[in-house]
Amino acid sequence: MNDAFCRLQQEAADESGTDAYSGSFYTISEYTDKTDEWRNSGLSASEFLNQGELLDELDKRSANGVCLRPPTKAKEGKYMFVGWAAE
């Protein structure tokens with residue numbers, strides 16, 4: 001999950017630059033893995049990560065993430081992150 005988060009940050013930097021107030025994903029500095037909570041929730045990943053109480057827990061420049069599909073030798077993992085970027 002950490003590799004996916006770092007790649008997402010790099011892609012955002014490549015697209016939007018590295019301005020600390022760009023509002024891009026690059027400005028998010030940390031994430032919390034909520035995979036176990038999501039799997040036990042019965043909700044879709046998007047519904048789970050966009051719940052008001054989870055969003056309220058986030059500070060500016062942080063995100064929550066879930067592992068949709070764990071990585072294997074043949075395939076990369078699939079992840080979803082939702083967070084607040086600085087503007």
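Details of the structure are given in the entry above.
Residues numbered from 1 in each chain as written. Predicted model: local features only at pLDDT ≥ 70, side-chain atom pairs only at ≥ 80, totals over all residues. Heavy atoms only, no water.

Participant: Just to check I follow, could you spell out the nonpolar core for this structure?
Facilitator: M1, A4, F5, A12, F25, I28, A63, C67, F81 and A85 form the largest nonpolar core, which has 10 residues in total. Breaking this core down by element, the ones donating at least two residues are α1 (2-16) and β2 (62-69). Of the residues forming this core, the biggest block, three residues, is contributed by α1. In contact with F5, other than residues within four places in its own chain, are F25, I28, S29, E30, Y31 and F81. Of all hydrophobic cores here, the second largest spans nine residues; its members include A45, L49, L55 and V66. (Core = buried A, V, L, I, M, F, W, Y, C linked by side-chain atoms within 4.5 Å. Buried < 20%, exposed > 50% of the residue type's maximum accessible area, 1.4 Å probe, protein only. Helix = DSSP H or I, 4+ residues; strand = E, 2+ residues; numbered from the N terminus. Contact = heavy atoms within 4.5 Å.)

Participant: Hey, could you run me through the packing of aromatic side chains in this one?
Facilitator: Aromatic ring pairs: the centre-centre distance and the angle between the two ring planes describe each pair. Under the defined criterion, the tally for this structure stands at five aromatic pairs. Between F5 and Y31, the aromatic rings sit 4.7 Å apart at their centres with planes inclined by 40°, giving tilted as the arrangement. Of this pair, F5 sits in helix α1 while Y31 sits in strand β1 (residues 30-33), and the two are 26 residues apart along the sequence. Taking relative accessible area as the criterion, F5 reaches 4% and is therefore assigned buried. Using a relative accessible area of 24% as the deciding quantity, one classes Y31 as partly exposed. Look at Y31 and F81: their rings are 5.5 Å apart centre to centre, the planes differ by 80°, and that puts the pair in the edge-to-face class. Separated by 50 residues along the polypeptide, Y31 in strand β1 and F81 in strand β3 (residues 78-84) bring together distant segments of the chain. Put simply, the rings of F5, F25, Y31 and F81 pair up and form one aromatic cluster. (Phe/Tyr/Trp six-rings, centres within 6.5 Å; stacked < 30°, edge-to-face > 60°.)

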